[in-house]
Amino acid sequence: MARARSGSRPGHSRAPDRRSGRDAATHDSDSESPQATVDGAESRDPSTSAVRLRSLIRGVNRLLNKPGLGEDVRQAQLERKAELEQLLQSRRSELKKQKIHLRYKHIRFFERVKLERQIRSVKKKLASLDDA
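Bear in mind that the values here come from a model prediction, so they are computed numbers and not experimental data.

Brief notes about the overall build of the chain
Here's step 1: Broken down by element type, the chain carries three helices and zero strands.
Here's step 2: Written out in order from the N terminus, the α and β elements of the chain read α-α-α.
Here's step 3: Taking all 132 residues of the chain together, the buried fraction comes to 9%.
Here's step 4: Partitioning the intrachain contacts of the chain with sequence separation of at least 6 by distance along the chain shows that 35% fall at a separation of at least 24.

Okay, structure coming up:
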């Protein structure tokens with residue numbers, strides 16, 4: 001079924017935006033918008049992301065590969081590298097746990113619904129036996 005194209009669609013007005021005077025159709029989402037972040041991305045600390053940790057480890061490795069590095073600096077960087085690798089490992093395990101949790105979330109939901117249904121059925125039977 002073909003839709004006739006009218007000049008406007010719901011939610012896509014070309015009226016000027018009150019905040020900046022720009023057209024609403026060309027208005028990009030601002031950081032002040034409550035919808036700017038999805039799934040709690042604003043609450044997550046970007047310094048603990050796996051990409052960021054890998055980048056920091058590469059930077060430490062580059063520094064360690066430089067010739068003429070002082071022994072105290074080298075030791076401090078080795079300790080920092082070990083700490084970053086431990087953080088990366090814990091982040092990876094956390095991401096794996098989240099992935100498993102999300103994968104089986106719907107299965108747990110359906111199992112819970114089935115059990116609740118069985119409980120209701122047993123309660124009904126019990127109530128009917130008590131009445132008799």
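Overview of the packing of helix 2 (residues 71–103) against helix 3 (residues 105–131)
Here's step 1: One can describe the packing of helix 2 onto helix 3 by two numbers: an axis separation of 4 Å at closest approach and a directional angle of 40°. Relative to helix 3, the element helix 2 lies oblique. When helix 2 is examined against helix 3, the residues His101, Leu102 and Arg103 are found in contact with a partner set consisting of Lys105, His106 and Arg108.
Here's step 2: In terms of residue class, the contact of helix 2 with helix 3 is built from one nonpolar, two polar and three charged.

Brief notes about the side chain of arginine 91
Here's step 1: With respect to the secondary-structure elements, arginine 91 resides in helix 2.
Here's step 2: Engagement of the side chain of arginine 91 in a polar contact is seen with the side chain of glutamate 94, the distance being 2.9 Å.

Considering the pattern of salt bridges
Here's step 1: Overall, the coordinates contain three salt bridges when judged by the stated rule.
Here's step 2: Residue arginine 91 is joined to glutamate 94 by a salt bridge in which the shortest nitrogen-to-oxygen separation is 2.9 Å. With arginine 91 and glutamate 94 both in helix 2 and three residues apart, the pair spans about one turn of that helix.
Here's step 3: Arginine 91 gets classed as buried once you look at its relative accessible area, which sits at 8%.
Here's step 4: In this structure, lysine 114 engages glutamate 111 in a salt bridge whose closest nitrogen and oxygen atoms are separated by 3.2 Å.

A closer look at the confidence of the model for the chain
Here's step 1: Per-residue pLDDT for the chain has a mean of 78; in total, 64% of the residues score no lower than 70.
Here's step 2: Per-residue pLDDT stays below 50 along residues 26–43; that stretch engages in 10 contacts with residues further than four places along the chain or on separate chains.

Here we look at a positive patch on the surface
Here's step 1: Together, Arg54, Arg58, Arg62 and Arg92 make up a region of like positive charge exposed at the surface.
Here's step 2: The exposure class assigned to arginine 92 is partly exposed, which follows from its relative accessible area of 42%.

Considering the packing of helix 1 (residues 50–64) against helix 2
Here's step 1: At their nearest, the axes of helix 1 and helix 2 sit 9 Å apart, and the two run at 160° to each other. As the angle between them shows, helix 1 and helix 2 are arranged roughly antiparallel. The crossing of helix 1 and helix 2 is left-handed. Note on element contacts: helix 2 touches helix 1 through Arg74, Gln77, Leu78, Arg80, Lys81, Leu84, Glu85, Leu87, Leu88, Arg91 and Arg92, opposite Ala50, Leu53, Arg54, Leu56, Ile57, Val60, Asn61, Leu63 and Leu64.
Here's step 2: Taken together, the residues of the contact of helix 1 with helix 2 break down into 11 nonpolar, two polar and seven charged.

Considering a nonpolar patch on the surface
Here's step 1: On the surface, a nonpolar cluster with roughly 250 Å² of combined accessible area is contributed by Ile100, Tyr104 and Ile107.
Here's step 2: With respect to the helices and strands, the residue tyrosine 104 is situated in the loop between helix 2 and helix 3.
Here's step 3: Under the relative-accessibility criterion, tyrosine 104 is labelled partly exposed at 38%.

What counts, and where the lines are drawn
The written sequence of each chain sets the order in which its residues are numbered from 1. Since the coordinates come from a predicted model, pLDDT governs what is reported: local features require at least 70, and pairs of side-chain atoms require 80 or more to be given and counted, while whole-chain, interface and lining totals use all residues. Heavy atoms throughout the structure, all of them, feed into the side-chain values; hydrogens and water do not. Here a strand is any run of E in DSSP of at least two residues, a helix any run of H or I of at least four, and the numbering for each starts at the N terminus. Classification of residues uses two cut-offs on accessible area relative to the type maximum, computed with a 1.4 Å probe and protein chains only: under 20% is buried, over 50% is exposed, and between them is partly exposed. Two residues qualify as a contact provided that any one of their heavy atoms is within 4.5 Å of a heavy atom in the partner residue. The convention used is that axes are lines fitted to C-alpha atoms, helices contributing only their stretch in contact, and that angles between N-to-C directions extend from 0 to 180 degrees. What sets the label is the angle itself: under 35 degrees gives roughly parallel, over 145 gives roughly antiparallel, 65 to 115 gives roughly perpendicular, and the rest give oblique. Under the convention adopted here, Pro, Cys and the residues Ala, Val, Leu, Ile, Met, Phe, Trp and Tyr are nonpolar, Asp, Glu, Lys and Arg are charged, and Gly plus all remaining residues are polar. Between N or O atoms, a polar contact is any pair within 3.5 Å; within protein, one atom must be a potential hydrogen donor and the other a potential acceptor, and residues adjacent in sequence are included only when both atoms are from side chains. Salt bridge criterion: a side-chain nitrogen from Lys or Arg within 4 Å of a carboxyl oxygen from Asp or Glu. For every residue, the pLDDT score states the predictor's confidence, bounded by 0 at the bottom and 100 at the top. The patches reported here contain residues having more than 30% relative accessible area and no salt bridge. Joining distances are 9 Å for like charges and 5 Å for nonpolar side chains (Val, Leu, Ile, Met, Phe, Trp, Tyr). The method behind every accessible area is Shrake-Rupley, applied with a 1.4 Å probe, and residues are considered shielded solely by the protein chains displayed. By the counting scheme adopted, Arg and Lys are positive, Glu and Asp are negative, and His together with the chain ends is not counted. Positions of charges follow a simple convention, taking NZ of Lys, CZ of Arg, CG of Asp or CD of Glu. In this scheme the crossing of two helices becomes right-handed for a clockwise turn of the near helix relative to the far one and left-handed for an anticlockwise turn of less than a right angle.

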